[in-house]
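Residues per chain, in single letters:
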Amino acid sequence: MRTRTYIFSLLAGASLLSCNKFLDVAPEDAVSDENSPVIIDKASAETAVRGLYRAVSADGYYGTTFQAIGYLSGDNIQWTGSQSIIQQFISHNVRADNASIANAWSAIYVAINRANHIIAKVPNVTDPLLTGALKNQFTGEGYFVRALAYFDLARTWGGVQITLTPTVTAGDKYNIRRSTLAQTYAQVLSDLVAADSLLPATTNRYRATRKTVWALRARYHLYQEQWAAAEDYAGRVIADSANYKLVQPYSAFFANGAVATSESVFELPYSTTYPNTHRNSWQPPANNGTRQWAPNDAFIALVNDPAVGGNRSALVARTSAGLWYGNLYYRPNPATDPSYVIRIAEEYLIRAEARAHLGNLSGALSDLNAVRSRAGLAPSEATTADDILLAIENERRLEFAFEPHRWFDLLRTKRAATVLGLTNSDRYVMPIPAAEILNDASLEQNHGY
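What you are looking at is a predicted structure, and each value in this text was computed from that prediction instead of being measured.

Participant: Can you lay out the overall build of the protein chain for me, pointing to particular residues and giving the numbers?
Facilitator: Counting its regular elements, the protein chain contains 19 helices and 6 strands. Computed over its C-alpha atoms, the radius of gyration of the protein chain comes to 21 Å, within 12% of the 22 Å expected for a compact globule of 449 residues. Principal-axis analysis of the C-alpha atoms places the extent of the protein chain at approximately 60 × 45 × 45 Å. Counting the 449 residues in the protein chain, one finds 59% classified as buried. Of the contacts made within the protein chain by residues no fewer than 6 positions apart, 70% connect residues no fewer than 24 positions apart. When the accessible surface of the protein chain is totalled, it reaches about 16400 Å², and 53% of it is carbon and sulfur. Positive and negative charge centroids in the protein chain, built from 40 and 41 side chains respectively, lie 1 Å apart.

As structure tokens, this is what we get:
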């Protein structure tokens, strides 16, 4: 296995906002931001786990930047600002010196490093208050977050450097070459299996449980085109209808201050002292935002078409001056909107896609139509497997328009050339950040950058 270097100077610069926000959290939510946290008892282990989830919710990861890569690179969003680094995603001409790429890369590796500390240290703690069950839970959460992080790295950059031990100094992991894409995905599965064996089979929408692992495994197997496994794991989550269900109407999982609804399998909470910076980029100046990105004309037409968007038109709104904007992140002063990592709607559409590939067309339509019905739409008229797969693709485009799916969906289904006109396959992965290449001579840049 290969390892990954932490560029602390970059974290101090490009991620300064994240660090400042992190250090300003309320005392009851306070977590250590040390790169080598001390984990010696139950209290310090709990602090480390809080820090683990803070890393996932950081501005550079699911707070804003990583999510933005997933939807800006698709075909739903337009850039309305002046910074060319964002337009690079929309025009599919991302440069290696793009600050957003560097920020996301670093933020994801911070999450990995925190997971590594927990995995390495928690099992060895001697404290009667830290029971065996708690050790398993905390360690399992470390494995889950590490799996999610490597999954996101793999689908964004391809094969990456893999580190399974804690990093303390910037030079600890230099001179280690990148793993292949297959090896990186193999690590994801290994960590998911480990997490499954350790986590409780409870329901928690803010922290990983065995059910959260099943949901991510469904996504993993979908990307691997392992249809039977994707159907199995998505079905396990869907079967728990007492805890996970499609809420109606579509906006019910986010509108009117909603949090942790039965729609969410895994979402990230924010607070008055730890706000979600995503809102600022979506809301217009009239709502004290910048509207740096906004739904494009094609998406506005689709989502406002009652026969296509249905009640998902709640995703967009328009100012009195006629400016359309995205409304998934809307809560003002402070912005406490959750970030949505896994929703039950995704599990339905994963199973629908898997069933279509397996020849179970009636089952695929049943799952697809469950999502359509929640959106106030009539059942799909698709009949052939190809038509059903295209209908699922179109449904995912609208259902997850402002979540990090569209770009990755078009890549994994090999539809980016047809839909986006992007025929240069070098652009199907992002460039390794230039600063990383400069600091580690063993780190190879992706082809074409």
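There's plenty left to go through after this.
Participant: Help me get a handle on the packing of aromatic side chains, residues and values and all.
Facilitator: In total, this model carries 23 aromatic pairs according to the counting rule given. Judged by centre distance (4.9 Å) and plane angle (75°), the ring pair of Phe151 and Tyr223 falls under edge-to-face. Highlighted residues: Phe151 in helix H8 (residues 132-157) and Tyr223 in helix H10 (residues 210-223), separated in sequence by 72 residues. Per residue, the accessibility class of Phe151 equals that of Tyr223, and both read buried. Members of the aromatic cluster, joined through ring pairs, are Tyr71, Trp79, Trp282, Trp293, Phe299 and Phe402. Just above the ring of Trp214 sits the side chain of Arg236; from NZ or CZ to the centre is 5.4 Å. Sitting over the ring of Tyr233, Arg236 keeps its end group 4.2 Å from the ring centre.

Participant: Please provide a residue-by-residue account of the confidence of the model for the protein chain, values included.
Facilitator: Averaged over every residue, the pLDDT of the protein chain is 91; residues scoring 70 or more account for 91%. Counting contacts from residues 1-34, a segment whose pLDDT is below 50, to residues more than four positions away or on other chains yields 93 contacts.

Participant: Break down the side chain of Glu267 for me, citing the residues and quoting the values.
Facilitator: Position of Glu267 relative to the elements: it lies in strand S2 (residues 264-268). At 6.9 Å, Arg331 is the nearest oppositely charged side chain to Glu267, a buried residue that forms no salt bridge. Here Ser264 takes part through its side chain, which lies 2.4 Å from a polar atom of the side chain of Glu267.

Participant: How would you explain the packing of helix H14 (residues 344-358) against helix H16 (residues 385-399) if you had to name every residue and give the values?
Facilitator: With their axes 9 Å apart at the nearest point, H14 and H16 run at an angle of 165° to one another. One way to sum up the angle between H14 and H16 is to call them roughly antiparallel. Here H14 and H16 pass one another in a crossing that is left-handed. For the pair H14 and H16, contact is made by Ala345, Glu346, Leu349, Ile350, Ala352, Glu353, Ala356 and His357 and by Ala385, Ile388, Leu389, Ile392, Arg396 and Glu399, respectively. When its residues are assigned to classes, the contact of H14 with H16 shows 9 nonpolar, 1 polar and 4 charged.

Participant: How would you summarise the pairing of S2 if you had to cite specific residues and measurements?
Facilitator: Along a regular strand, successive side chains alternate from one face of the sheet to the other. Most of S2 is tucked away, with 5 of its 5 residues classed as buried. Alignment of S2 against strand S6 (residues 339-343), held across 4 bridges, turns out to be antiparallel. Pairing of Leu268 across the sheet is with Ser339, part of S6.

Participant: I'd like a rundown of unusual backbone geometry, residues and numbers included.
Facilitator: In the segment running from Gln248 into Pro249, the intervening peptide bond is cis, with an omega of -5°. Mapped onto the fold, Pro249 is located in the loop between helix H11 (227-239) and S2. The omega angle of the peptide bond from Asn333 to Pro334 is 0°, so this bond is cis rather than trans. Tracing the backbone shows Pro334 in the loop between strand S5 (324-326) and S6. Positive phi is not limited to glycine here, since Glu225 has a value of about 60°. Considering the arrangement of structural elements, one finds Glu225 in the loop between H10 and H11. A residue is classified by how much of its surface remains accessible, and Glu225, at 42% relative accessible area, is partly exposed.

Participant: Lay out helix H9 (residues 181-198) in plain terms, naming residues and giving numbers.
Facilitator: Compared with an ideal rise of 1.5 Å per residue, which puts 18 residues at 26 Å, H9 spans 26 Å between its outermost C-alpha atoms and is within 8% of the ideal. For H9, the set of buried residues is Thr184, Tyr185, Gln187, Val188, Asp191, Leu192, Ala194, Ala195 and Asp196. Buried positions along H9 lie against H8 and H10.

Cut-offs and rules
Residues numbered from 1 in each chain as written. Predicted model: local features only at pLDDT ≥ 70, side-chain atom pairs only at ≥ 80, totals over all residues. Heavy atoms only, no water. Helix = DSSP H or I, 4+ residues; strand = E, 2+ residues; numbered from the N terminus. Rg over C-alpha atoms; globule rule 2.2 N^0.38 Å. Buried < 20%, exposed > 50% of the residue type's maximum accessible area, 1.4 Å probe, protein only. Contact = heavy atoms within 4.5 Å. Areas by Shrake-Rupley, 256 points an atom, 1.4 Å probe, with all protein chains shown as cover. Lys, Arg positive; Asp, Glu negative; His and termini not counted. Charge placed at Lys NZ, Arg CZ, Asp CG, Glu CD. Phe/Tyr/Trp six-rings, centres within 6.5 Å; stacked < 30°, edge-to-face > 60°. Lys NZ or Arg CZ within 6 Å of the ring centre and 35° of its normal. pLDDT = per-residue confidence, 0-100. Salt bridge = Lys/Arg side-chain N within 4 Å of Asp/Glu carboxyl O. Polar contact = N/O pair within 3.5 Å; in protein donor to acceptor, adjacent residues only side chain to side chain. Axes fitted to C-alpha atoms, helices over the stretch in contact; angles between N-to-C directions. Parallel < 35°, antiparallel > 145°, perpendicular 65-115°, else oblique. Left-handed = near helix turned anticlockwise from the far one by under 90°. Nonpolar A, V, L, I, M, F, W, Y, C, P; charged D, E, K, R; others polar. Pairing = 2+ DSSP bridges. Expected span 1.5 Å × (residues − 1).

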